[in-house]
Amino acid sequence: MTITLTAFEASPDRGRGLARDMRVRWALEEVGRPYEVQLLSFEAMKTAEHLARHPFGQIPTYEEDGLVLFETGAIVLHIAHGHAGLLPEAPQARARAVAWLFAALNTVEPPILELANARLLEAEQPWTAARLPLVRDRVRQRLVPFARHLGEAQWLEGDFSAGDLMMISVLLRLRPSGLLDDHPTLAAYVARGEARGAYQRAFAAQLAVFEASQARPA
Ligand code: GTB
């Protein structure tokens, strides 16, 4: 069965791997499943056709054999449950890898998004300079215990899992802030994820989409 994702026609990050279709592409590359991508403009994301796939009119979505899914956590878990390679076989390690996927999305990503918004969307607001130290501190409150937990381990639960995929996808958004540099083991963990062949293939595919969008006449 063909898998079809939706993604930005022209991603605001210029194809640097930050839009959330990247984590789904990465998971599909890890398990060796080919996929097609339907590219959407911002206008197309708010049409009835796309709202039927995604109630909030966002990307990415995932379609396969009549199943339509939204939310990257649910999509990556669906892929991981259906294929070998993204979750440990042992039931307890498997449950813990799933816990790390949720931790990435529910505990670590929110302050990172808050920081990204403060640095990008709210940069010109008069209150941003005063607020930034507080927002950076909230990110540190997640990085310090996570770095302590990871220690010198390569991955969170033995072999690479969907928990690592999601945690690394979330953490790499921090690179421009410099906060990862305070934790060399975390910076190395993120770099290990990015060095995986599956990550590289996913990155190249979404960069190619952006480059094609630039090559088209306006
Ligand atoms: N919780 C949902 C999930 O995980 O699937 C969040 C989905 C989401 O935020 N999608 C964004 C979207 O569709 C694109 S990825 N936004 C349009 C809208 O809401 O109308 C978020 C994103 C966008 C741009 C950058 N960037 O340029 O760096 C990074 C991340």
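Residues numbered from 1 in each chain as written. Predicted model: local features only at pLDDT ≥ 70, side-chain atom pairs only at ≥ 80, totals over all residues. Heavy atoms only, no water.

A. The pairing of strand β2 (residues 36-40), seen in detail. Pairing between strand β1 (residues 3-8) and β2: five bridges, direction parallel. Residue pairing for β2: Thr-4 is matched across the bridge by Glu-36. As for the winding sense of the linkage, the β-α-β connection from β1 through helix α1 (residues 21-31) to β2 is right-handed. (Pairing = 2+ DSSP bridges. Helix = DSSP H or I, 4+ residues; strand = E, 2+ residues; numbered from the N terminus. Right-handed = clockwise from strand over helix to strand, strands pointing away.)

B. Representation of the nonpolar core. In this structure, Ile-79, Leu-86, Met-167, Leu-171, Leu-174 and Tyr-189 are the most contacted members of the largest nonpolar core, which totals 54 residues. Those elements that provide at least two residues to this core are β1, α1, α3 (72-82), α4 (91-121), α5 (128-150), α6 (162-171), α7 (184-194) and α8 (197-215). For this core, the element with the highest residue contribution is α4, accounting for ten residues. The contact partners of Leu-171, leaving out residues within four places of it in the chain, are Val-108, Ile-112, Leu-143, Phe-146, Leu-180, Tyr-189 and Val-190. (Core = buried A, V, L, I, M, F, W, Y, C linked by side-chain atoms within 4.5 Å. Buried < 20%, exposed > 50% of the residue type's maximum accessible area, 1.4 Å probe, protein only. Contact = heavy atoms within 4.5 Å.)

C. Fine view of the environment of Gly-82. Inspection of the secondary structure puts Gly-82 in helix α3. Sequence separation between Gly-82 and Ser-41 is 41 residues; the distance between their C-alpha atoms is 30 Å.

D. Highlighting unusual backbone geometry. A cis amide bond links Ile-59 to the next residue, Pro-60, at an omega of 0°. Take Pro-60: it is sitting in the loop between α2 (48-51) and β3 (61-64). The backbone of Arg-14 shows a phi angle near 60°, a positive value even though the residue is not glycine. Turning to its location among the elements, Arg-14 is positioned in the loop between β1 and α1. A positive phi angle is found at Glu-71, which is not glycine, with a value near 75°. Of note, Glu-71 is situated in the loop between β4 (67-70) and α3. Take Glu-71: its relative accessible area is 43%, and that puts it in the partly exposed class.

E. Summary view of the site of the ligand. Phe-8, Pro-12, Asp-13, Leu-18, Arg-20, Met-45, Lys-46, Gln-58, Ile-59, Glu-71, Thr-72 and Arg-173 make up every residue found near the ligand. In this structure, Asp-13 approaches the ligand through a main-chain N or O atom, which is 3.1 Å from an oxygen atom. One of the backbone nitrogen or oxygen atoms of Ile-59 is found 2.8 Å away from a nitrogen atom of the ligand. Compared with its free state, where it exposes 680 Å², the ligand has 78% of that area covered by protein. When grouped by side-chain class, the residues that make up the shell around the ligand number five nonpolar, two polar and five charged. (Near = heavy atom within 4 Å. Polar contact = N/O pair within 3.5 Å; in protein donor to acceptor, adjacent residues only side chain to side chain. Areas by Shrake-Rupley, 256 points an atom, 1.4 Å probe, with all protein chains shown as cover. Nonpolar A, V, L, I, M, F, W, Y, C, P; charged D, E, K, R; others polar.)

F. Seen up close, α7. Every buried residue of α7 is accounted for by Leu-186, Tyr-189, Val-190, Gly-193 and Glu-194. Along the axis of α7, the buried residues cluster in a sector spanning 140°; they form a single face. For α7, the secondary structure elements touched by its buried residues are α1, α5, α6 and α8. (Arc of directions from axis to C-beta.)

G. Representation of the pattern of salt bridges within the structure. Scanning the model with the defined rule gives 14 salt bridges in all. Its salt-bridge partner being Arg-25, residue Asp-21 comes within 2.7 Å of it at the nearest N-O pair. Here Asp-21 pairs with Arg-25, and both are found in helix α1, just four residues apart, close to one helical turn. For Arg-25, a relative accessible area of 3% gives the class buried. Among the ionic pairs, Arg-23 bridges to Glu-109, the shortest N-O distance being 2.8 Å. Of this pair, Arg-23 sits in helix α1 while Glu-109 sits in helix α4, and the two are 86 residues apart along the sequence. Relative accessible area serves as the criterion here: at 5%, Arg-23 is assigned to the buried category. Each of Glu-114, Glu-122, Arg-131 and Arg-138 takes part in salt bridges that share partners, so that together they form one network. (Salt bridge = Lys/Arg side-chain N within 4 Å of Asp/Glu carboxyl O.)

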